[in-house]
Number of protein chains: 2
Amino acid sequence: MKGPPGEKKPIPKTARGATSARGRNRPRELAEALKDWIAENALQPGDRLPQEKELIERFKASRGTVREALKLLEAQDLVSIRTGPRGGAYVKDVSLERATELLGNYFFFKNITIHDIYALRIQLEPELAAGLVGVITEQDIDRLQQLMTRYDHPPQSQDEEREQRFAELAFHETLAGLCPNPVLSFACRFLIRLLKELTICHRIYERPQPELRAGGHSYQLRLLEALRKEDAEAARNAMDKHMRFARDLMEAQEAEVLRQFLR
Amino acid sequence: MKGPPGEKKPIPKTARGATSARGRNRPRELAEALKDWIAENALQPGDRLPQEKELIERFKASRGTVREALKLLEAQDLVSIRTGPRGGAYVKDVSLERATELLGNYFFFKNITIHDIYALRIQLEPELAAGLVGVITEQDIDRLQQLMTRYDHPPQSQDEEREQRFAELAFHETLAGLCPNPVLSFACRFLIRLLKELTICHRIYERPQPELRAGGHSYQLRLLEALRKEDAEAARNAMDKHMRFARDLMEAQEAEVLRQFLR
DNA sequence: AGATATTTGTTCGTATGTATT
DNA sequence: TAATACATACGAACAAATATC
């Protein structure tokens, strides 16, 4: 089917190509071996792995293979690679960002709706709010109130409209960051990330939402008041109302946008 | 000290190495660019990416860089790479197992407690149960009831004790698998995985739990009844009671095990 | 079943930029 | 400032795998 094989490979002279070619010595295996090596030697976050040259000798692999294996570990956020003389691969704690990104990949092809996300937010954010009592400080609350000034007024432009939506989400991210329950904290932040990435949300955020902004602002004020009084149930209640209010408006907007889009 | 294998170096003529060196156009960036490219072109699972040669031209990178980027995507389970004609990088659905594993890495160094996990289960499992109404079939319910026969009787041995705990969790995993909300479904299954991996749970599962077994069994029966009647609120209520009951017992056991351990 | 073409997999050599000393 | 060590990147050749004829 293809072009005539007129051109032979004209490089037979040296023939010093691959040597071992031991079948399936894939980078993946090397990565697993490195992980085991890390565990065996009880390396802690911050410790440095041997440099490439030594890894090449120790594991009997080429530089490219070693590099790919290290990249694999970096992709899992188990190591971070720095350049320079003190460079190399360092054992690292898995970062929130990376974990979020990797989990986001799982939902990449799933069809997530606003309804799906708010079904969880309604359950989790009130619990989170209640759990903050006794943990959150006056300074934290002041910082949150400071954040709210970015959307305590009607937006002057479409850009500001969108910015205000993200500032509101940042409010909730900050709250989640204060939560002492690591799982709950992660879940709430991940839901916010999903919201940010939903393309339907981008369309919604472009539309004027005076009700959403004003309503959200007042619910958040009630929430902060409850937190100041260290009243867990009042905090839970305020957040519950806040979430249900937001869900209803967002779902209505979703339907509206879809209606326009399908027209 | 290099000691090449006898052969001379017959590559003097070309000898042109790196050219661009535009800052640090790392493989990471290429991987991100490829991800964007996948989204822009609306590639679906099963679709093939351009082959290495074309990617080299299109993104102006060397083969090694392209390969590392592809390996990065492969490590994230976004593509799978095959050799041979019609080979190349194929867009792939991220498997539940892999996503769970990667997220598990994030919580590996965090100190998760039973309380943390049940704080979420209490919120999410009732919601999941309610959402099953209208989706779950009679066959599904029959299958679940079949599953329950594995712990409808007191265990005869410590092995069976442990087996019954895992069978109960399998019941909840099956429920979660039926949930039409992908985020809620994942969350519930991930929480169960965390429970399974908690070392404290292993100790608890070794101890006799007649109350936990009998109580859980009866709550699950009530749940299935509600689902048969398609009564969402009754299902939610049954699951809520079930979770609170389990949490109280598990936390008591956790305290007990810790007390013994610290003695 | 076997030959062939296509595509990735592996290794080597080399060049370059940069951060540390 | 110069030397050096190191990661980063490029290119070429060969090896292995595999679909197609």
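None of these values were measured; they are calculated from a predicted model.

Caption draft 1: The arrangement of the overall build of chain A in detail. Regarding its fold elements, chain A presents 11 helices and two strands. Counting from the amino terminus, chain A carries its helices and strands in the arrangement α-α-α-β-β-α-α-α-α-α-α-α-α. Here chain A, with 263 residues, has 47% of them falling under the buried criterion. Contacts spanning at least 24 positions in sequence make up 71% of the contacts within chain A whose residues lie at least 6 apart.

Caption draft 2: Representation of the pattern of salt bridges. In total, this model carries 38 salt bridges over all chains according to the counting rule given. Salt-bridge contacts for Glu52 of chain B lead to Arg63 of chain B; the nearest nitrogen and oxygen are separated by 2.5 Å. Placement of the pair is Glu52 of chain B in helix 2 (residues 52-59) and Arg63 of chain B in helix 3 (residues 63-75), with a sequence separation of 11 residues. Taken together, the shared-partner salt bridges connect Glu68 of chain A together with Glu52, Arg63 and Arg67 of chain B into one network.

Caption draft 3: Layout of the packing of helix 8 (residues 182-197) of chain A against helix 4 (residues 96-108) of chain B. Axis separation between helix 8 of chain A and helix 4 of chain B bottoms out at 11 Å; the angle between their running directions is 130°. Here helix 8 of chain A lies oblique to helix 4 of chain B, going by the angle between them. In the crossing of helix 8 of chain A with helix 4 of chain B, the sense of the turn from one axis to the other is right-handed. Mapping the contact onto sequence places Pro182, Val183 and Phe186 of chain A in helix 8 of chain A and Leu103, Tyr106 and Phe107 of chain B in helix 4 of chain B. Grouping the amino acids of the contact of helix 8 of chain A with helix 4 of chain B by side-chain chemistry returns six nonpolar, no polar and no charged.

Caption draft 4: Region of the structure containing the interface of chain B and chain A. On the side of chain A, 41 residues touch chain B, which itself brings 51 residues to the contact. Summing both partners gives a buried area of about 4500 Å² for chain B against chain A, and 65% of it is carried by carbon and sulfur. Counting every contact that joins chain B to chain A gives three salt bridges. Of the charged contacts, one joins Glu68 of chain B and Arg67 of chain A as a salt bridge, the two residues approaching to 2.8 Å between their closest N and O atoms. Between chain B and chain A we count eight residue pairs in polar contact (both at pLDDT 80 or more) in total. For the side of chain B that touches chain A, the elements supplying multiple residues, two or more each, are helix 1 (27-40), helix 3, helix 4, helix 5 (114-132) and helix 8 (182-197) of chain B. The greatest single-element share of the side of chain B that touches chain A, amounting to eight residues, is contributed by helix 4 of chain B. Among the residues forming the side of chain B that touches chain A, the class breakdown is 30 nonpolar, six polar and 15 charged.

Caption draft 5: Representation of the relation of the copies chain B and chain A. By a simple turn and slide, chain B fits onto chain A: the slide is 1.8 Å along the axis, the RMSD is 1.9 Å, and the turn is 179°. Here the symmetry operator amounts to a two-fold rotation axis.

Caption draft 6: Examining the side chain of Thr65 of chain B more closely. Mapped onto the elements, Thr65 of chain B comes out in helix 3. Here Thr65 of chain B is in contact with Pro27 and Leu30 of chain B, once residues within four sequence places are set aside.

Caption draft 7: Expanded view of unusual backbone geometry. A positive phi angle is found at Lys60 of chain A, which is not glycine, with a value near 55°. Here Lys60 of chain A lies in the loop between helix 2 (52-59) and helix 3 (63-75). Accessibility expressed as a relative area gives 58% for Lys60 of chain A, which makes it exposed. Backbone geometry places Asp77 of chain B, a non-glycine residue, at a positive phi of 70°. Within the secondary structure layout, Asp77 of chain B lies in the loop between helix 3 and strand 1 (79-82).

Caption draft 8: A look at the packing of aromatic side chains. Residues and elements named next belong to chain A. Applying the stated rule across the entire model yields 15 aromatic pairs over all chains. Aromatic pair Phe107 and Phe190: ring centres 5.8 Å apart, planes at 40°, arrangement tilted. Here Phe107 is found in the loop between helix 4 (96-106) and helix 5 (114-132), whereas its partner Phe190 is found in helix 8, with 83 residues between them in sequence. Across this residue pair, the class does not change: Phe107 and Phe190 are buried. Measuring from ring centre to ring centre gives 4.9 Å for Phe108 and Phe109, while their planes differ by 80°; the resulting arrangement is edge-to-face.

Caption draft 9: Just the confidence of the model for chain A, in detail. In the predicted model, chain A carries a mean pLDDT of 84, and the fraction of residues at 70 or more is 89%. This model gives residues 1-25 of chain A a pLDDT under 50, and the stretch forms nine contacts once residues within four places in sequence are excluded.

Caption draft 10: Structural detail: helix 11 (residues 232-262) of chain A. All names here are of chain A. Its 31 residues place the ends of helix 11 44 Å apart at the C-alpha level, agreeing with the 45 Å of an ideal helix rising 1.5 Å per residue. Buried residues of helix 11: Ala235, Ala238, Met239, His242, Met243, Ala246, Leu249, Met250, Gln253, Glu254 and Val257, and no others. Contact partners of the buried residues in helix 11: helix 5, helix 7 (158-178), helix 9 (199-205) and helix 10 (210-228). For helix 11, the capping residue at the N-terminal end is Asp231, with a side-chain oxygen 3.2 Å from the backbone nitrogen of Glu233.

Criteria and cut-off values
- Residues numbered from 1 in each chain as written.
- Chains lettered and ligands numbered in written order.
- Predicted model: local features only at pLDDT ≥ 70, side-chain atom pairs only at ≥ 80, totals over all residues.
- Heavy atoms only, no water.
- Helix = DSSP H or I, 4+ residues; strand = E, 2+ residues; numbered from the N terminus.
- Buried < 20%, exposed > 50% of the residue type's maximum accessible area, 1.4 Å probe, protein only.
- Contact = heavy atoms within 4.5 Å.
- Salt bridge = Lys/Arg side-chain N within 4 Å of Asp/Glu carboxyl O.
- Axes fitted to C-alpha atoms, helices over the stretch in contact; angles between N-to-C directions.
- Parallel < 35°, antiparallel > 145°, perpendicular 65-115°, else oblique.
- Left-handed = near helix turned anticlockwise from the far one by under 90°.
- Nonpolar A, V, L, I, M, F, W, Y, C, P; charged D, E, K, R; others polar.
- Buried area = accessible area lost by both parts, 1.4 Å probe.
- Polar contact = N/O pair within 3.5 Å; in protein donor to acceptor, adjacent residues only side chain to side chain.
- Least-squares fit on C-alpha atoms with pLDDT ≥ 70 in both.
- Phe/Tyr/Trp six-rings, centres within 6.5 Å; stacked < 30°, edge-to-face > 60°.
- pLDDT = per-residue confidence, 0-100.
- Expected span 1.5 Å × (residues − 1).

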